[in-house]
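In case you want the letters, here they are:
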Amino acid sequence: MRPHDEPKGWGALQPPPGYYSADGRPPDEMQRGLILDWAVNQRIASGWRVESRSGTQVVMVRGNPLNHVLHAILMVFTCFLWGAVWLVLAVTNKVERVSLTVDAKGNIVSVNGPR
């Protein structure tokens, strides 16, 4: 992933010291879960929400999809004047998705989803 594709404010994705074993062993399942919890909490503080989660992977989303049915009804009742507003909202609205995964070494891997 290119650096400019990352969302703003997403510096280093690695948790602070103390989440890994002191002797350098790879993290076990519980430690990997703690590392993922740390990463999820960092993103929630930035306005993201959890869409789905498994043991070592989480999909997070930011933004809301547009309610096209509501805008179509408003457009009909306003004699198509609402169409301009609907068009602007449809062009500017975006929903971002990212998948965070903790690998066997305890590194957090992020993959941006489709827009």
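Since this is a predicted model, take the numbers as computed values, not measurements.

How each quantity is defined
Residues numbered from 1 in each chain as written. Predicted model: local features only at pLDDT ≥ 70, side-chain atom pairs only at ≥ 80, totals over all residues. Heavy atoms only, no water. Buried < 20%, exposed > 50% of the residue type's maximum accessible area, 1.4 Å probe, protein only. Helix = DSSP H or I, 4+ residues; strand = E, 2+ residues; numbered from the N terminus. Pairing = 2+ DSSP bridges. Axes fitted to C-alpha atoms, helices over the stretch in contact; angles between N-to-C directions. Salt bridge = Lys/Arg side-chain N within 4 Å of Asp/Glu carboxyl O.

1. Regarding the pairing of strand 3 (residues 96–102)
Item 1. With five of its seven residues buried, strand 3 lies for the most part within the structure.
Item 2. Bridging between strand 2 (residues 57–62) and strand 3 involves six bridges; their strand directions are antiparallel. What sits directly across from Arg62, in strand 3, is Glu96.
Item 3. Where strand 3 lies against strand 4 (residues 108–112), five bridges are found, and the strand directions are antiparallel. Looking at strand 4, one finds that Val98 is bridged to Asn112.
Item 4. With antiparallel pairing between neighbouring strands as the criterion, strand 3 and strand 4 make up a hairpin whose turn holds five residues, including Gly106 at a positive phi of roughly 90°.

2. Structural notes on the sheet that holds strand 1 (residues 49–53)
Item 1. Pairing in this open sheet of four strands is antiparallel, and the strands run 1-2-3-4 from one edge to the other. Two strands bound the open sheet, and with one partner strand each, they are strand 1 and strand 4. Averaged over all adjacent pairs, the angle separating strand axes in this sheet is 25°, with direction ignored.
Item 2. Sheet topology places strand 1 next to strand 2; four bridges connect them, and they run antiparallel. Following the sheet pairing, Ser52 is matched in strand 2 by Val59.

3. A look at the pattern of salt bridges
Item 1. In this structure the tally under the stated criterion is four salt bridges.
Item 2. The salt bridge involving Asp37 is made with Arg53; its shortest N-O contact spans 2.8 Å. Remark: Arg53 occurs in strand 1 and Asp37 occurs in helix 1 (residues 29–44); sequence separation between them is 16 residues.
Item 3. Across the salt bridge formed by Arg97 and Glu51, the nearest N and O atoms sit 2.9 Å from each other. One end of the pair, Arg97, is in strand 3; the other, Glu51, is in strand 1, with 46 residues separating them in the sequence.

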